[in-house]
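Spelled out, the chains give:
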Amino acid sequence: MSGQVQSGDAALFEFLCRLGDNTLVLGHRVSEWCGHAPVLEEDIALANTALDLIGQTQLWLGLAGEVEGKGRDADALAFLRDVWDFRSVLLTEVPNGDFGRTLMRQFLFDAWHSIYLGRLLKSSDKRVADIAEKASKEVAYHLERSADTVVALGDGTEESHQRMQAALAYLWPYVGEMFEGDAVDAAMVEAGVAPDPASLRAEYDALVGRVLADATLEMPEGRFAHKGGRDGRMHTEHLGHILTQMQWLQRAYPGASW
Amino acid sequence: MYAQMIKSAGTGVKSPEEMTPEERRFQAHVDANEKVEPKDWMPDDYRATLIRQIGQHAQSEIDGQLPEGNWITRAPTLERKAILLAKVQDEAGHGLYLYCAAETLGISRDELTEDLLSGKMKYSSIFNYPTLNWADIGAVGWLVDGAAIMNQVPLQRTSYGPYSRAMIRICKEESFHQRQGYDIMMKMAQGTEAQKRMAQDALNRLWFPSLMMFGPSDKESVHSAQSMAWKIKINTNDELRQKFVDQTVPQAEYLGLTVPDETLKWNEERGHYDFAEPDWKEFFDVLKGNGPCNTDRLTARQEAWKEGKWVRDAMMAHARKKAAAKVAAE
């Protein structure tokens, strides 16, 4: 679907689902840490990050439902679509792993998220710009925290350094998908709603490169990218399990009000 | 009540003649409703009892993340998920303020954490019960936070300044949690047949464990008398339990739910509800570690601490390197 030329609203709907599904799936993953973090302050910070991401999901998917105009609200989109209709990038779906991998994933996502939202502030669609304005304040903080943690853990001890380098090696092939473009992106660029994802890569590499250097970690050389999440063509196996949990009550008791 | 069965250190309330001059001055200060601050002189037993009480409360807030966290990934709407995340985050924050209050008494957070992980320091019995359906999250807010508030509101006036100030902050958030819990119960009780069944099931399982939160009757207890004389306990367990029942029964009726106690009856003469005591044998079993979730809860905390060691070590190592680099640059 996303490979074809789309009408304005259909492309806008896809674009909004991409933003909302990223925050929904990553928020879910981060929330899995609740009560299990290495130290109390991290429990609080992780819950806070998840809370921000779920709040952003309500805004993005809420607007997506409005644009679609078929009466679906944010909850209907979050809880009643199956895997193939999700538009989250694969990076958000991968399991948490240890705390280091969770924070490395957060950093790799936050760096992209902050740059992307920064561009959306100038979106021609005021509704998009308004959400971006609110979200970008939260995400600036997420990035500060995840970058600081990556630096501390990369630099900390021999063990933490190795764990962070391994986390980076595992996650790096999922980075490239965030910079892929397709017909939906072309339509968004054309309408002045959003930037071409590929145009953000240089800024991203510079930002990530600085933090990784402070963390004494080596940026992997490969540019291979796993793809298929943001266009729904091929998600990870993990997403189905996430949805099984997330959507269970809505699926088991259809029509109930909670 | 997040602190149960707190044994005061010492042997009970001393008469003024038995007190040392310092103890007499201290008691007069407390009797005049003046706050005790960290640098003030205080009896060793006062300090030790407070550490136990605040420590147990802190551990309960931290362990309380687990039964509620159990439903975050399955919350039925985005709004409910956000509210639950915010609540669990608040609980962890309460743990943090309480640790800070305990630290002013000369015990470190690491010592308190070790005591929790070794099982030496207890946490409230309520968190050793499972959350089995979504209405449990409503019932935890309504009943468990409701019972906690019952005890914590008077503790805002407790004699120890840092504890009192922590309680003032905590109570504001807890009342909010209780309203949110009741709101879930309203939705469930007015919902489909299945939702009503969930709500009744949650009340059936959580009613007596909630009554246990106040602890067994302590009207005869010397520990309780000492704590009350020191104003680190304001009401007896029975007073608080009665107040909780009197407040909660009409709320259950409003929801159209049945309190699982056939003996429950309004007593016109007393102006209170008569109600059945919980099964205290079960309560002591839970305290001994035989509740439905004790092993899982403690194991979860132990594993989190063990698996987080490399992170804490790395953070410390990085902080030391940064400090050294700063010194070198100066």
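In case you missed it, the structure is sitting above this.
Note that the coordinates shown come from a computational prediction; the quantities given were computed from them, not determined experimentally.

Draft legend 1. Focus on the overall build of chain A. From N to C terminus, chain A includes 11 helices and zero strands. For chain A, the sequential pattern of α-helices and β-strands runs α-α-α-α-α-α-α-α-α-α-α. Computed over C-alpha atoms, the radius of gyration of chain A comes to 18 Å, within 12% of the 18 Å expected from 2.2 N^0.38 for 258 residues, which places it in the range of a compact globule. Projected onto its principal axes, the C-alpha coordinates of chain A cover approximately 55 × 40 × 30 Å. The 258 residues of chain A split such that 59% are buried. Across chain A, contacts joining residues at least 24 apart in sequence account for 81% of those joining residues at least 6 apart. Positive and negative charge centroids in chain A, built from 23 and 39 side chains respectively, lie 4 Å apart.

Draft legend 2. Layout of the nonpolar core. Counting residues in each nonpolar core, the largest one holds 135 residues, and the members touching the most others are Phe15(A), Met104(A), Phe107(A), Leu108(A), Leu120(A), Tyr204(A) and Trp134(B). For this core, the element with the most residues is helix H5 (residues 99-120) of chain A, which contributes 12 residues. With near-sequence residues (within four places) excluded, Trp134(B) lies in contact with Leu249(A), Trp258(A), Trp71(B), Ala75(B), Pro76(B), Arg80(B), Leu84(B), Ile184(B) and Met188(B). Judged by nonpolar contacts, the second largest core, of 31 residues, contains Leu40(A), Ile44(A), Ala102(B) and Leu155(B).

Draft legend 3. Inspection of the packing of helix H6 (residues 126-155) of chain A against helix H9 (residues 201-214) of chain A at higher detail. Residue and element names in this part refer to chain A. In contact at an axis separation of 7 Å, H6 and H9 are set at 35° when each is read in the N-to-C sense. Contacts from Leu143, Ala147, Val150, Val151 and Asp155 of H6 reach H9 at Leu207, Val211, Leu212 and Asp214. Within the contact of H6 with H9, the residues separate by chemical class into seven nonpolar, no polar and two charged.

Draft legend 4. Local environment of the interface of chain B and chain A. On the side of chain A, 49 residues touch chain B, which itself brings 47 residues to the contact. It is Thr73(B), Leu78(B) and Trp310(B) that lose the most area in chain B upon contact with chain A, and together they represent 21% of the buried surface on that side. Where chain B packs against chain A, one counts two salt bridges. Note that Lys321(B) and Asp155(A) form a salt bridge whose closest N and O atoms lie 3.6 Å from each other. Among the secondary structure elements, those contributing two or more residues to the side of chain B that touches chain A are helix H3 (65-69), helix H4 (78-103), helix H7 (161-189), helix H8 (193-212), helix H12 (294-307) and helix H13 (309-329) of chain B. Among the elements that make up the side of chain B that touches chain A, the one with the highest residue count is H4(B) (14 residues).

Draft legend 5. Geometry of the packing of helix H6 (residues 134-155) of chain B against helix H10 (residues 237-255) of chain B. All names here are of chain B. With their axes 10 Å apart at the nearest point, H6 and H10 run at an angle of 145° to one another. In this structure, the crossing between H6 and H10 has a hand that is right-handed. For the pair H6 and H10, contact is made by Trp142, Leu143, Gly146, Ala147, Met150, Asn151 and Pro154 and by Leu240, Lys243, Phe244, Gln247, Thr248, Gln251, Ala252 and Leu255, respectively. Here the contact of H6 with H10 is composed, by residue class, of nine nonpolar, five polar and one charged.

Rules used in this analysis
- Sequence order as written defines the numbering, with residues in each chain counted from 1.
- The order in which chains are written sets their letters, starting at A; the order in which ligands are written sets their numbers, starting at 1.
- Owing to the predicted nature of the model, reporting of local features is limited to residues with pLDDT of at least 70; listing and counting of side-chain atom pairs is limited to 80 or more, with chain, interface and lining totals taken over all residues.
- Excluding hydrogens and water, the side-chain values take into account all heavy atoms of the structure.
- Per the convention used, a helix needs a DSSP run of H or I reaching at least four residues, while a strand needs a run of E reaching at least two, with both numbered from the N terminus.
- Atoms counted for the radius of gyration: C-alpha only. Globule rule: 2.2 Å times the number of residues to the power 0.38.
- Each residue's exposure class comes from its accessible area (1.4 Å probe, protein chains only) as a fraction of the maximum for that residue type: buried when under 20%, exposed when over 50%, partly exposed otherwise.
- A contact between two residues is defined here by any heavy atoms of the two lying within 4.5 Å.
- Think of it this way: Lys and Arg go in the positive column, Asp and Glu in the negative one, and His and the chain ends go nowhere.
- Lys charges are placed at NZ, Arg charges at CZ, Asp charges at CG and Glu charges at CD.
- Throughout, nonpolar core names a set of buried Ala, Val, Leu, Ile, Met, Phe, Trp, Tyr and Cys residues whose side chains join them through atoms within 4.5 Å.
- Only the stretch in contact is used when a helix axis is fitted, and all axes are lines through C-alpha atoms; the angle between N-to-C directions ranges over 0 to 180 degrees.
- As a working rule, the residues Ala, Val, Leu, Ile, Met, Phe, Trp, Tyr, Cys and Pro are called nonpolar, Asp, Glu, Lys and Arg charged, and the rest polar, with Gly in that last group.
- We define buried area as the total accessible area lost by two parts upon association, computed with a 1.4 Å probe and summed across both.
- What makes a salt bridge here is a side-chain nitrogen of Lys or Arg within 4 Å of a carboxyl oxygen of Asp or Glu, nothing more.
- Crossings are classed by handedness, with left-handed meaning an anticlockwise turn of the near helix from the far one by less than a right angle and right-handed meaning a clockwise turn.

Take it as geometry only, folks, not as evidence of what the structure does.
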